[in-house]
Amino acid sequence: MTQSHGFETLAIHAGQEPDPLTGAVVPPIYQVSTYKQDGVGGLRGGYEYSRSGNPTRTALEECIAALEDGTRALTFASGLAAEDCLLRSLCAPGDHAVIPDDAYGGTFRLFAKVASRWGIEYTPAHAGDLDAVRAAIRPGVTRLVWCETPSNPLLGVADIAALAGVAHDAGALLVVDNTFASPYLQQPLTLGADVVVHSTTKYMGGHSDVIGGALVVNNAELAAELVFHQNAMGAVPAPFDAWLTLRGLKTLGVRMDRHCANAERIVDLLSRHPRVSEVLYPGLPGHSGHDVAVKQMKAFGGMVSFRVNGGEEAAVQVCNRTELFILGESLGGVESLIEHPGRMTHASAAGSPLEVPGDLVRLSVGIESADDLLADLERALG
Ligand SMILES: Cc1ncc(COP(=O)(O)O)c(C=O)c1O
């Protein structure tokens, strides 16, 4: 497989040659911890122990690297395990990171409650405002500039190419959490980012049946550092989890097309609804990041947030009233989900500069029949 192949071809074939022994067209689940050596040090295909490497995981990592147009992907037991590995691989006590002021609550908690105890400092800044990011950078000390685009749950958009310039001018690396867009809609490495982060739990896996994470790079030195830490720290995915994620990836393109189409219908309904005070979606021309999103994304994704007239209680009621939209955390699966970020996914940011508005509702728009989703929301909004 080469990069000249299309995205859907890579999703189905990259890293997934038919099994040389049996011809099986799907990579087997190598449910194994260790490998017979042909004499001491005589490894077959480089495999010695499944924390260090497992063929099912290799297939997944090769596929993700191809989809992100990177040279190396590494996979983990969760998105946060991937982020933790990245932080501890690249930062030492005394180092500093600029993080988005609307970061995913778990990412914020990792910086605020875990990394900071080990001497890694951070400053939240609005990733859509290049001057704010520049001002937050501490020359010579800032090691990472981190962004999520679109962000969770406010759907903020950051200009990846411009942020890469700001980070590189300061000698820092740009990390992009590409979970919301997926590589089908946006490939940050091709825009100048140094590291791509994924919660593969979301669109990549796509079926709400597996937790996982990934890091993708296109620099051999960075890759070697991450490979060392992945093995030394050990938060790797199980072979079955790697296999499930790989199966999900095969349909990423067609799923994303439907997620985006359904989301656009829902945005249209919400934008006209009297109980909705604001719709947050990068596809809307009035969205502050719309022009950047048009430049760097193929379409605008399946995540939609909106604010409800009547405040927090009204927002909570909408979340409690839907039937098809399942009340639950997470996102990116085939089924539609609804949640109240302030009390659910982003509760850990309460009282911090990253606190989200109480009247905010977040939707992960699934791939069900759009008319059914619209009817469910209309009923819930009353
Ligand atoms: C944008 C984003 N990044 C990272 C994560 C963490 O991933 P995981 O839950 O797989 O650890 C999440 C989880 O919701 C997320 O939404």
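Residues numbered from 1 in each chain as written. Predicted model: local features only at pLDDT ≥ 70, side-chain atom pairs only at ≥ 80, totals over all residues. Heavy atoms only, no water.

**Q** What am I meant to see in the overall build of the chain here?
**A** Within the chain, the secondary structure is distributed over 13 helices and 12 strands. A compact globule built from 382 residues should have a C-alpha radius of gyration of about 21 Å, and the chain, at 21 Å, falls within 12% of that. If one aligns the C-alpha atoms of the chain with their principal axes, the spans along those axes are about 75 × 50 × 35 Å. The buried share of the chain, taken over its 382 residues, is 55%. The chain carries 27 positive and 44 negative side-chain charges, and their two centres are separated by 4 Å. (Helix = DSSP H or I, 4+ residues; strand = E, 2+ residues; numbered from the N terminus. Rg over C-alpha atoms; globule rule 2.2 N^0.38 Å. Buried < 20%, exposed > 50% of the residue type's maximum accessible area, 1.4 Å probe, protein only. Lys, Arg positive; Asp, Glu negative; His and termini not counted. Charge placed at Lys NZ, Arg CZ, Asp CG, Glu CD.)

**Q** What is the right way to look at unusual backbone geometry in this model?
**A** Excluding glycine, residues mostly have negative phi values, and the peptide bonds linking residues are mostly trans. For the bond from Thr149 to Pro150, the omega torsion is -10°, close enough to zero to count as cis. Examined against the element boundaries, Pro150 turns out to sit in the loop between β4 (142-148) and α6 (160-169). Backbone torsion omega between Asn152 and Pro153 reads 10°, so that peptide bond is classified as cis. Assignment of secondary structure puts Pro153 in the loop between β4 and α6. Located in the positive-phi region is Ser182, a residue other than glycine, with phi close to 70°. Along the polypeptide, Ser182 turns up in helix α7 (residues 182-185). Positive phi, close to 75°, is recorded for Ser330, a residue that is not glycine. Along the chain, Ser330 turns up in the loop between β10 (326-327) and β11 (337-339).

**Q** What's the story with empty space enclosed by the protein in this structure? I'm lost.
**A** Rolling a probe over the atoms, with the probe sized like a water molecule, indicates the empty space that remains. What the rule picks out here adds up to 3 cavities of 30 Å³ or more. Considered as a void within the structure, the largest cavity measures approximately 50 Å³ in volume. Forming the walls of the largest cavity are Leu60, Thr75, Phe76, Thr200, Val210, Ile211, Gly212, Gly213, Pro237, Asp241, Ala242 and Thr245. Per-element tally for the lining of the largest cavity: the top contributor is helix α9 (residues 239-249), with 3 residues. Within the lining of the largest cavity, the residues separate by chemical class into 6 nonpolar, 5 polar and 1 charged. (1 Å grid on protein atoms, 1.4 Å probe; cavity = no way out; pocket = protein on both sides within 12 Å on 5 of 7 lines; lining within 4 Å. Points joined across faces, edges and corners; volume = space filled by probe spheres on them. Nonpolar A, V, L, I, M, F, W, Y, C, P; charged D, E, K, R; others polar.)

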